[in-house]
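The chain contents come next:
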Amino acid sequence: MRIKKIAQTLLATVALLAGSLPVLLSATPASAVTSIPNLPARWSSISSPGSGTTCALATNGTIWCWGIAEGVRGVIWDATKGDPAAGTAVSPKQVGTATDWLTVEVASTHACARNTLGELWCWGKNANGQLGDGTNTDSQVPIKVKSNNKFWYSFSVTMKQTCGIQATGLWCWGDNTGQKILPGSSADSFIPLPRFFGSAVAAASGSSFTIDQSAEVQIGGLQALRIGTKVWGNSGSGFSELVLPNQQSWRMISVRANGASIVESFGIVEPANGSYLTAICGVTNLGIAYCLSRSNLSRYMQVGTLTSWKSVNIRQDSPREPICGLTTESASSVTCYNPYGTNNYDGWNSQSLGSWCDGVTRIAVRYSSFTNGLTFPAVGVGCWGSIYTYKNLTALPDVNSSTLDLTDGSSIVSIAGGFYQGAVTAETFFNVWGRLYALTSDGRIFVIGDGKYGERQDGILDGHVTDTWAPSLLQQPLLSRADRTLIPKSGGATIKLSGSFLVGVTALTLGGLPVSNWAESSDGTSLTFDSPASPSGGSVDVTVTTSGGVVSLPNAFTFGDSPSAPSVTGLNAQDSSVTVGWSSPSSSGTSPVTGYKVTLVPGGASCSWTAGPLNCTVGGLTNGTTYRAAVRAFSAVGPGLSSSNSAAFVPYKAPSAPPIVSIAPGDGQITVTWSAAANNGSAITRYDVEAQPGGNSCSTSGTGTSCTISPLTNGTAYSISVYATNDAGGGEVSTSSTLITPRTLAGNPTNVVINPGDRQLGVSWRAPSSNGGSAITSYTVTAQPGSVTCTAISPATSCNLLGLSNGSVYSITVVATNPAGDSASSATVTGSPVTIPGKPTISATEPGSNSVLVRWRAPSATGGASVSSYTVVASPGGNSCTTSGAVLFCTVTGLDNGTSYAFT
């Protein structure tokens, strides 16, 4: 379980074994700093590595830097031209004039910022090409990083290097000694332009990963990439995945800026039985915070036992501050753990670092009297060549934690900066103390720690130290004007005060009358509130109290009487609008009426009046909705009493077009069906249907959705239109997409003729004299009995009835078909299918003088009809004889006696 120490101070007496003694200030808030022209009042981020310069990004898109005069502040500094001397505290200065900055980060030697165009600009020291402009020339003002106009999505800076993410992957420039930022690349000590590292990367562990625009890069004690919930780290030998215990995933990381370089410079050597534990820290999906050493990326140390971490921040330069972060336990607190606290180390001893000591005695000390019990051990005596023997910890004990609370309860969204462990005499290389910043959700910055180089920006300078949070970048508020002078005694007038640094307001009064609610503008230049009610009139002062001071405007307002209520006198509802008329109020109050406002319920739609007849039109209403109107008068005092709500009214317009559902043509008529039209606020009284040409029509009441137009002319094509009517008149028209033709049945076919055949009858006929107003599409012939049919497609007028019985008598009729149906039948005719008779059989021949009598038997089949005649033919010669009907013999004459003949 976490041990939370209730502490009212962070820093207390710091004893220097040699040299001056810093002063511990009480918890009394510091006074506001000297007024700085155009300094913003709200901030969105802050970067403070503890190198003497701090920069912050304002909510208006500007960047401001302050601190040590010769630091990386992004402005020209020249002591020979009257600028402050080196080491002097310099108040905030704006970096250039741009207002489109998105992010800024400061290292000990240089700074970089990204704008809305995706450009990256850097300034400061450039000995290693860390500014990315292709040179190693320092620049006191921002210069654009050369990158072929590619868009930068994120970036990170450290003492000698810069890295950034583009859509194509990771790019780095600056010092690459030991391949710290470009594994696999030549170990150049001077890379003056962005060099591509890669997008698809093979890690030292054998795995691979893809760097795209979603990746986050941080460089410093090591080089880290966070892609989604995974993190890879590189300390010079290539990237390895930082795999969390128990299958946890990374939610955020923070890499120590310049950590490795500081460690090397100060001679803080990692012992054999432990590790330097704060090269990178991060928070997992379970709310646990872990830290890792640069030399051992597989050894994790848990920060206390908390599972409520939201974020940690160790981006500051020095590797020897507490690990601080934000938790879900308190929105207005910062929680810090001391990795160098009691029981975290075994001891120390010294080693000589030769010429580096330059003969100067440097005495390390410890914070020995924190009122919250948090202590730091002594480092040693002599050069900073001390070797700590740290315990091989897997977790920082909760006893080494402290909670730093903002006294006003503001919600903290991020922190920046940190504290150094101790101080030494004659220190010129880095800040003796250090400070921690907290950025709140309303864009204010608070600071705790020392004021060396003026970095606190709350009036505390030099080695002075405060032990409570103090507002930073705060100025004395200024009230310049109010947007009105007369206000109603009844209260409720909206007032806007203009000025500067109207932020962190704790009280607002008008002539001693308190205002309970107000709104601060995002840039601190205005306050908006509703005036309180006053029992009496007269002039009053307005007074605003902020954390930066108290400011007043004398005789700013005069309480007066508002107009009495007007009366609504007329309503004229129209399409989506209403015109409202009213009469003036019986009393205008202290000041003449200057305007009126009509407001409708529901919805609050309104119109305003300034001159002319007392009426105005409110638009944008919903047809069919019931509204009521109220009107109130305005004067210089403010809004008067509102009238009573008017009678109800409903805006409306003519109906929409009724959708046509179907159109059915008939004999001299057309029947039309439709769906109900939208009435648009007024009930439909009737529907009208019209046919053109001719204009014949039909109509129904408002509920009817079908009617028949007649008389119409069969065979004439008509266009059909339908519209609805309400109190606004005839509405939109629906028109048929095609022409519609009324029609009836065709006349019956005539002149039916039968042509018999073998088991079939060929039938032909004459087309009807009338097609009924619509073209005949086909004819149908029917034979009875048997209902045998054949069909002819118009214009054909014949077809064959097949499959009949030869010799049977059939009754034949013909009908014509058009879109209206089948016509009446033609007159009935009869007929029988027939074929040739079978062959007769010769039964006898009787010769005579020049003749032969031939006898035969009738054929077994006559072909469906009676035999009408027989013919006998002699061969040779062809002489013949013929009989009729049933006679079965005849005599062939004219033959030659003595000649043989054959007969058929």
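Keep in mind that what you see is a predicted model, and the values were worked out from it rather than measured. (Residues numbered from 1 in each chain as written. Predicted model: local features only at pLDDT ≥ 70, side-chain atom pairs only at ≥ 80, totals over all residues. Heavy atoms only, no water.)

**Structural notes on the overall build of the protein**
Alright, step 1. In terms of helices and strands, the protein carries 1 helix and 71 strands.
Alright, step 2. Residue burial in the protein is summarised as follows: out of 904 residues, 50% are buried.
Alright, step 3. Within the protein, contacts between residues at least 6 apart in sequence are counted, and of these 59% link residues at least 24 apart.
Alright, step 4. Carbon and sulfur atoms make up 51% of the accessible area of the protein, which totals about 37800 Å². (Helix = DSSP H or I, 4+ residues; strand = E, 2+ residues; numbered from the N terminus. Buried < 20%, exposed > 50% of the residue type's maximum accessible area, 1.4 Å probe, protein only. Contact = heavy atoms within 4.5 Å. Areas by Shrake-Rupley, 256 points an atom, 1.4 Å probe, with all protein chains shown as cover.)

**Some details on the confidence of the model for the protein**
Atomic detail in the predicted coordinates should be set aside for any region of low pLDDT.
Alright, step 1. With 85% of its residues at a pLDDT of 70 or more, the protein shows a mean pLDDT of 83.
Alright, step 2. In the predicted structure, residues 1-30 sits below a pLDDT of 50 and forms 79 contacts with residues beyond four places in sequence or in another chain.
Alright, step 3. The low-confidence segment residues 420-432, where pLDDT is below 50, has 49 contacts with residues more than four positions distant or belonging to other chains. (pLDDT = per-residue confidence, 0-100.)

**Overview of the sheet that holds strand 23 (residues 296-303)**
Alright, step 1. The mixed open sheet is built from 5 strands, whose spatial order is 20-21-22-23-29. Edge positions in the sheet fall to strand 20 (250-255) and strand 29 (395-396), since each has one partner strand and no second.
Alright, step 2. Sheet analysis places strand 20 next to strand 21 (residues 280-284), joined by 5 bridges and oriented antiparallel. Counted as the bridge partner of Met252 is Val283 from strand 21. (Pairing = 2+ DSSP bridges.)

**Some details on the state of the cysteines**
Alright, step 1. In total, this model carries 9 disulfides according to the counting rule given.
Alright, step 2. Here Cys324 connects covalently by a disulfide to Cys336, the sulfurs 2.1 Å from one another. Disulfide Cys324-Cys336: torsion about the S-S bond near 110 degrees, hence right-handed. Residue Cys324 is located in strand 25 (residues 323-327), and its partner Cys336 is located in strand 26 (residues 333-337); the two are separated by 12 residues in the primary sequence.
Alright, step 3. Judged by its relative accessible area of 3%, Cys324 falls in the buried class.
Alright, step 4. The side chain of Cys698 participates in a disulfide bridge whose partner is Cys707; the two sulfur atoms lie 2.0 Å from each other. In this structure the cystine formed by Cys698 and Cys707 twists about its S-S bond by roughly 60 degrees; its chirality is therefore right-handed.
Alright, step 5. We classify Cys707 as buried; its relative accessible area is 10%. (Disulfide = S-S within 2.5 Å.)

**What to know about the side chain of Ser254**
Alright, step 1. Looking at the secondary structure, you find Ser254 in strand 20.
Alright, step 2. Classification of Ser254 as buried rests on a relative accessible area of 3%.
Alright, step 3. Side-chain polar atoms of Ser254 contact the backbone nitrogen of Ile314, separated by 2.8 Å.
Alright, step 4. Those residues in contact with Ser254 that lie beyond four places of it in its chain are Gln218, Ala279, Ile280, Cys281, Val312, Asn313, Ile314 and Arg315. (Polar contact = N/O pair within 3.5 Å; in protein donor to acceptor, adjacent residues only side chain to side chain.)

**Focus on the pattern of salt bridges**
Alright, step 1. In this structure the tally under the stated criterion is 14 salt bridges.
Alright, step 2. Between Asp138 and Lys125 there is a salt bridge whose closest N-O contact spans 3.9 Å. On the criterion of sequence distance, the pair formed by Asp138 in the loop between strand 8 (120-124) and strand 9 (139-144) and Lys125 in the loop between strand 8 and strand 9 is long-range, its members being 13 residues apart.
Alright, step 3. Note on Asp138: relative accessible area 43%, which makes it partly exposed.
Alright, step 4. Two residues, Asp458 and Arg456, come together in a salt bridge whose shortest N-O distance is 2.7 Å. Both residues of the pair, Asp458 and Arg456, count as buried. (Salt bridge = Lys/Arg side-chain N within 4 Å of Asp/Glu carboxyl O.)

**Quick look at the pairing of strand 22 (residues 289-293)**
Alright, step 1. For strand 22, the buried fraction is high: 5 of the 5 residues fall into the buried class.
Alright, step 2. On strand 22, burial covers both faces: Ala289, Cys291 and Ser293 on one face and Tyr290 and Leu292 on the other are all buried.
Alright, step 3. When strand 21 meets strand 22, the two strands line up antiparallel, connected through 4 bridges. Among the inter-strand pairings, Cys281 is bridged to a residue of strand 22, identified as Cys291.
Alright, step 4. From the end of strand 21 to the start of strand 22, which pair antiparallel, there are 4 residues, and Gly287 there has a positive phi angle of about 80 degrees.
Alright, step 5. One ladder, built from 4 bridges, connects strand 22 with strand 23; its direction is antiparallel. The partner of Tyr290 across the bridge, within strand 23, is Gln302.

**Some details on the environment of Pro658**
Alright, step 1. Here Pro658 is to be found in the loop between strand 50 (638-642) and strand 51 (660-666).
Alright, step 2. When residues no more than four places from it in sequence are discounted, the contact partners of Pro658 are Trp674, Ser675, Ala677, Tyr687, Val722, Tyr723, Ala724, Glu732 and Ser734.

**A short note on the sheet that holds strand 67 (residues 851-857)**
Alright, step 1. Reading across from one edge, 66-67-70 is the order of the 3 strands in this open sheet, with antiparallel pairing throughout. Where the open sheet ends on each side, the last strands, each with one partner, are strand 66 (841-848) and strand 70 (889-893). Strand-to-strand twist in this sheet, taken as the mean axis angle between neighbours without regard to direction, amounts to 20 degrees. (Axes fitted to C-alpha atoms, helices over the stretch in contact; angles between N-to-C directions.)

**Let's talk about the side chain of Thr883**
Alright, step 1. Following the sequence through the fold, Thr883 ends up in strand 69 (residues 880-884).
Alright, step 2. There is a polar contact of 3.1 Å between the side chain of Thr883 and the backbone oxygen of Val887.
Alright, step 3. Setting aside its immediate chain neighbours within four residues, Thr883 contacts Trp856, Ser868, Ser869, Tyr870, Phe889 and Cys890.

**With respect to the packing of aromatic side chains**
Alright, step 1. For the structure on display, the rule yields 15 aromatic pairs.
Alright, step 2. A centroid spacing of 4.2 Å and a plane angle of 20 degrees characterise the contact between Phe209 and Trp232, whose relative ring orientation is stacked. Here Phe209 is found in strand 15 (residues 208-210), whereas its partner Trp232 is found in strand 18 (residues 230-234), with 23 residues between them in sequence.
Alright, step 3. Taking the centre distance of 5.8 Å and the plane angle of 80 degrees together, the rings of Phe209 and Phe239 count as edge-to-face. Here Phe239 lies in the loop between strand 18 and strand 19 (240-241) and Phe209 lies in strand 15, a separation of 30 residues in the sequence. (Phe/Tyr/Trp six-rings, centres within 6.5 Å; stacked < 30°, edge-to-face > 60°.)

**Concerning the nonpolar core**
Alright, step 1. Within the largest apolar cluster, 31 residues are counted, with the highest numbers of intra-cluster contacts made by Leu170, Phe209, Ile211, Leu225 and Phe239.
Alright, step 2. When residues of this core are traced back to their parent elements, those giving at least two are strand 8, strand 10 (152-157), strand 11 (161-166), strand 12 (169-174), strand 13 (191-198), strand 16 (216-219) and strand 17 (223-227).
Alright, step 3. Examining the composition of this core, we find that 4 residues originate from one element, strand 12, more than from any other.
Alright, step 4. Sequence-distant contacts of Ile211, defined by excluding residues within four places in its chain, comprise Ile165, Gly169, Leu170, Phe197, Gly198, Ser199, Val201, Leu225 and Ile227.
Alright, step 5. Formed by 21 residues, the second largest nonpolar core is a distinct cluster that contains Ile487, Ala493, Leu502 and Leu510. (Core = buried A, V, L, I, M, F, W, Y, C linked by side-chain atoms within 4.5 Å.)

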